Amino acid sequence: MRYFVDCEFNGFDGPLISIALVPERETRPDFYAVLPCHRPRRWVADHVMPVLGATPHARADVVAALTAYLIGDPDPLLVADWPEDIAHAASLLAYQGRCLVPHARFALLNLPGFDTASASALPHNAIADAHALRREVLAREARPGGVAA
């Protein structure tokens, strides 16, 4: 199954703050986790921290929760529109030198004209942004010649 991924992080190439996976099928629950953010950059403090909406958890706990969420899927495909989202998701799955979900795959989409902040119900909140990404991809796929992941 495809999972639309969005992450928030402390500046470009900065530490992960939150991660969300929204499954293609609405019958499966979403995944959302927040990690502690020490010394957020000014922009992050102003735009990301106020909309997290969840309690931070230790990285090891987020790794365990994400692994448990994906491990039962025989072919998870994590889809993102930003390279750092994939890098952060892969980093969580490559915990302590081994891939905890060895069958996971990743797809980076180029979505001209799509702006997560404009399309999201709550910009810079990873779960809201991942929902916006799912809506956009599924809408484009429904059109002739649309994007496929």
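Refer to the preceding data block for the structure.
One numbering rule holds for all chains: residues counted from 1, following each sequence as written. Thresholds applied to this predicted model are a pLDDT of at least 70 for local features of residues and 80 or more for the giving and counting of side-chain atom pairs; totals over whole chains, interfaces and linings are not thresholded and use all residues. Note: side-chain values were computed over all heavy atoms of the structure, leaving out hydrogens and water.

1. Comments concerning the packing of aromatic side chains
Filter applied, for reference: Put simply, two rings from Phe, Tyr or Trp (the six-membered ring, in Trp's case) pair if the centres are within 6.5 Å, and we call them stacked under 30 degrees between planes, edge-to-face over 60, tilted for the rest. Counting from the N terminus, the helices are the DSSP runs of H or I reaching at least four residues and the strands are the DSSP runs of E reaching at least two. The classification of residues rests on relative accessible area computed with a 1.4 Å probe and restricted to protein chains. Under 20% of the type maximum is buried, over 50% is exposed, and intermediate values are partly exposed.
Using the criterion set out here, one finds three aromatic pairs in the structure. For the ring pair Tyr3 and Tyr69, a centre distance of 5.7 Å and an interplane angle of 65° mean the geometry is edge-to-face. Note that Tyr3 is positioned in strand β1 (residues 2–9) and Tyr69 in helix α2 (residues 59–71), a separation of 66 residues in sequence. Just as Tyr3 is buried, Tyr69 falls in that class too.

2. A look at the sheet that holds strand β5 (residues 105–108)
Hydrogen bonds between backbone atoms are what pair the strands of a sheet, whose relative direction is either parallel or antiparallel. Threshold: Any two strands with at least two DSSP bridges between them are considered paired. Angles run from 0 to 180 degrees between N-to-C directions of axes, and those axes are lines fitted to C-alpha atoms, restricted for helices to the stretch in contact. Residue contacts follow a heavy-atom distance rule, with two residues in contact if any of their heavy atoms lie within 4.5 Å.
On the basis of which strands lie adjacent, the open sheet formed by five strands has the order β3-β2-β1-β4-β5 and mixed pairing. Looking at strand neighbours, the two that pair on one side only are β3 (31–34) and β5, the edges of this open sheet. Taken pair by pair, the neighbouring strands of this sheet meet at an average axis angle of 25°, ignoring direction. Lying on the sheet, α2 is in contact with β1, β2 (16–23), β3 and β4 (77–80); it crosses β2 at an angle near 10°.

3. Structural notes on α2
In plain terms, the rule: For a helix, the expected span equals 1.5 Å multiplied by the residue count minus one. Throughout, the arc means that of the directions going from the helix axis to the C-beta atoms.
The end-to-end C-alpha distance of α2, which contains 13 residues, comes to 18 Å, matching closely the 18 Å that a straight helix rising 1.5 Å per residue would cover. Those residues of α2 that sit buried are Val62, Val63, Leu66, Thr67, Tyr69 and Leu70. Mapping the buried residues of α2 onto a view down its axis gives an arc of 160°, with all of them on the same face. Buried residues belonging to α2 abut β1, β2, β3, β4 and α3 (83–93).

4. A short note on unusual backbone geometry
A positive phi is found at Asp13, a non-glycine position, where the angle reads about 65°. Mapped onto the fold, Asp13 is located in the loop between β1 and β2. Here His124, not a glycine, exhibits a phi torsion of approximately 75°, which is positive.

5. Considering the environment of Leu35
You can see Leu35 is positioned in the loop between β3 and α1 (42–47). Taking the relative accessible area as the measure of exposure, Leu35 reaches 5% and is therefore buried. C-alpha of Leu35 to C-alpha of Arg105: the two residues are 70 residues apart in sequence and 23 Å apart in space. Apart from the residues within four sequence positions on either side, Leu35 is in contact with Leu16, Ile17, Pro56, His57, Arg59 and Val62.

6. A word on the side chain of Asp6
When you line up the elements, Asp6 lands in strand β1. Among residues more than four places away in sequence, those in contact with Asp6 are Ser18, Ile19, Ala20, Asp85, Thr116, Ala126, Asp129 and Ala130.

7. Some points on the nonpolar core
Threshold: Grouping buried Ala, Val, Leu, Ile, Met, Phe, Trp, Tyr and Cys residues that are joined through side-chain atoms within 4.5 Å yields what is termed a nonpolar core.
Ranked by size, the top nonpolar core spans 25 residues in total, and within it Val5, Ile19, Leu21, Leu66 and Leu70 carry the most contacts. Breaking this core down by element, the ones donating at least two residues are β1, β2, β3, α2, β4 and α3. The element contributing the most residues to this core is α2, with five residues. If near-sequence neighbours (up to four positions away) are discounted, Leu21 is found in contact with Tyr3, Phe4, Val5, Asp30, Phe31, Leu66, Tyr69, Leu70 and Leu78. Membership of the second largest hydrophobic core comes to 10 residues, among which are Val79, Leu109, Leu111 and Phe114.

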